[in-house]
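Chain by chain, the residues:
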Amino acid sequence: MITGRHISSSPVTARLKFFYGPMDCGKSTLALQIHHNHTRSGRRGLLLTRHDRSGTPRITTRIGLAKDATELRDDSDVRALARLHNADYVICDEVQFYPVAHIEQMADLVDCDDVDVYAFGLATDFRSVLFPSTQRLLELSDEALRLQVEVLCWCGSEGQLNARVIDGDVARAGQQVVIGDTDDAEVHYQVLCRKHYRAGELAAVEAFTEAS
């Protein structure tokens, strides 16, 4: 939280932007594209992540792009990390897994240090309930943008919700955070339209692979 903030007459130009959408909609790809564009313009950036699908401190994408990043821990301080790296902007990937305290630090970084913050993550969990961190981002961000890269349910309708699939069934209860991907592992995730998410109707693995 902001404590002892120095009041300046200079206008704050930095912004906190939150990009969200279901799995497979290109969030991490956009994060790396923004980082590339800013770096080419001579700006210094800091890449942050938490529980990336690779299991390593990297921002990775399903189309093969990847970049080393700093893994956030519960006791990490986003503002301190940005100052340490003399960052002009910060890319925050997988923000659905961040503690809410990190979201407050991201807002402080924009308001107090005039550093741009670009956040990327899921809005809702496997129960279609907002993650606490993404709820806070929706409340605090200057812009909250749903990504428009089309993700399809197996039926061909727009995919909106991330279903956790365990042994071939849509899970309705369990821990909020269980790391997985959109593969055919015993525990994995499948993007569904609202109708089929609520009905718990899944495509066969073969049909889903062909649709994607």
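The structure presented is a predicted model; accordingly, all values stated were derived computationally and were not measured.

## Points about the sheet that holds strand E11 (residues 187-192)
Okay, step 1: An order of E10-E9-E11 is seen for the three strands of this open sheet, with the pairing classed as antiparallel. Two strands close off the open sheet at either side, each with one partner strand: strand E10 (169-170) and E11.
Okay, step 2: Where strand E9 (residues 161-166) lies against E10, two bridges are found, and the strand directions are antiparallel. Residue pairing in the sheet places Ile166 in a bridge with Asp169 of E10.

## A few points about the layout of surface pockets
Okay, step 1: In this model, the largest pocket occupies a volume close to 470 Å³.
Okay, step 2: Lining the largest pocket are 31 residues, and of these Met23, Arg53, Arg62, Glu94 and Leu122 lie nearest its centre.
Okay, step 3: At the level of secondary structure, the elements contributing two or more residues to the lining of the largest pocket comprise helix H1 (27-40), strand E7 (116-121) and E9.
Okay, step 4: Counting residues per element, the lining of the largest pocket draws most heavily on H1, which supplies three residues.
Okay, step 5: Here the residues of the lining of the largest pocket sort into twelve nonpolar, eleven polar and eight charged.

## Digging into the environment of His196
Okay, step 1: As for its placement among the helices and strands, His196 is situated in helix H5 (residues 194-199).
Okay, step 2: Residues His196 and Trp154 lie 42 residues apart in sequence; the distance between their C-alpha atoms is 9.1 Å.
Okay, step 3: Excluding its chain neighbours within four sequence positions, the residues that come into contact with His196 are Cys153, Trp154, Cys155 and Glu201.

## Brief notes about helix H4 (residues 132-140)
Okay, step 1: All buried positions along H4 are accounted for by Ser133, Thr134 and Leu137. Projected down its long axis, H4 carries its buried residues within an arc of 95°, all on one side.
Okay, step 2: Contact partners of the buried residues in H4: strand E1 (16-20), helix H3 (100-113) and E7.

## Focus on the confidence of the model for the chain
Okay, step 1: With 88% of its residues at a pLDDT of 70 or more, the chain shows a mean pLDDT of 88.
Okay, step 2: Contacts for the low-pLDDT stretch residues 1-9, under 50 throughout, to residues beyond four places or in other chains number seven contacts.
Okay, step 3: Note that pLDDT drops below 50 for residues 205-212; the model gives that stretch four contacts with residues more than four away or on any other chain.

## Focus: H3
Okay, step 1: The terminal C-alpha atoms of H3 lie 19 Å apart, and with 14 residues this matches the ideal 20 Å at 1.5 Å per residue to within 8%.
Okay, step 2: For H3, the complete set of buried residues consists of His102, Ile103, Glu104, Gln105, Met106, Ala107, Asp108, Leu109 and Val110.
Okay, step 3: On its buried side, H3 packs onto E1, helix H2 (78-84), strand E6 (89-92), E7 and H4.
Okay, step 4: Positive phi shows up at Asp114, right after H3, with a value of about 60°.

## Looking at unusual backbone geometry
Most peptide bonds take the trans configuration, and most residues that are not glycine carry a negative phi.
Okay, step 1: In the Ramachandran plot, Asn86 falls in the positive-phi region, its phi being about 50° despite a non-glycine side chain.
Okay, step 2: Considering the arrangement of structural elements, one finds Asn86 in the loop between H2 and E6.
Okay, step 3: In this structure Asn86 comes out as partly exposed when scored by relative accessible area, which is 47%.
Okay, step 4: One non-glycine residue, Asp114, lies in positive phi territory at about 60°.
Okay, step 5: Among the secondary structure elements, Asp114 is positioned in the loop between H3 and E7.

## Thoughts on the sheet that holds E1
Consider a sheet: its strands pair through backbone hydrogen bonds, and that pairing is either parallel or antiparallel.
Okay, step 1: The parallel open sheet is built from six strands, whose spatial order is E5-E2-E6-E7-E1-E8. Sheet topology places strand E5 (70-71) and strand E8 (143-146) at the edges, where each strand pairs with a single neighbour.
Okay, step 2: Pairing geometry for E1 and E7, over five bridges, is parallel. Its bridge partner lying in E7, Phe18 is registered against Ala119.
Okay, step 3: The strands that H3 touches are E1, E6 and E7; relative to E7, the one it contacts most, it runs at about 155°.
Okay, step 4: This element, H4, spans E1, E7 and E8 of the sheet and lies at about 130° to E1.

Scoring rules and cut-offs
Residues numbered from 1 in each chain as written. Predicted model: local features only at pLDDT ≥ 70, side-chain atom pairs only at ≥ 80, totals over all residues. Heavy atoms only, no water. Pairing = 2+ DSSP bridges. Helix = DSSP H or I, 4+ residues; strand = E, 2+ residues; numbered from the N terminus. 1 Å grid on protein atoms, 1.4 Å probe; cavity = no way out; pocket = protein on both sides within 12 Å on 5 of 7 lines; lining within 4 Å. Points joined across faces, edges and corners; volume = space filled by probe spheres on them. Nonpolar A, V, L, I, M, F, W, Y, C, P; charged D, E, K, R; others polar. Contact = heavy atoms within 4.5 Å. Buried < 20%, exposed > 50% of the residue type's maximum accessible area, 1.4 Å probe, protein only. Arc of directions from axis to C-beta. pLDDT = per-residue confidence, 0-100. Expected span 1.5 Å × (residues − 1). Axes fitted to C-alpha atoms, helices over the stretch in contact; angles between N-to-C directions.

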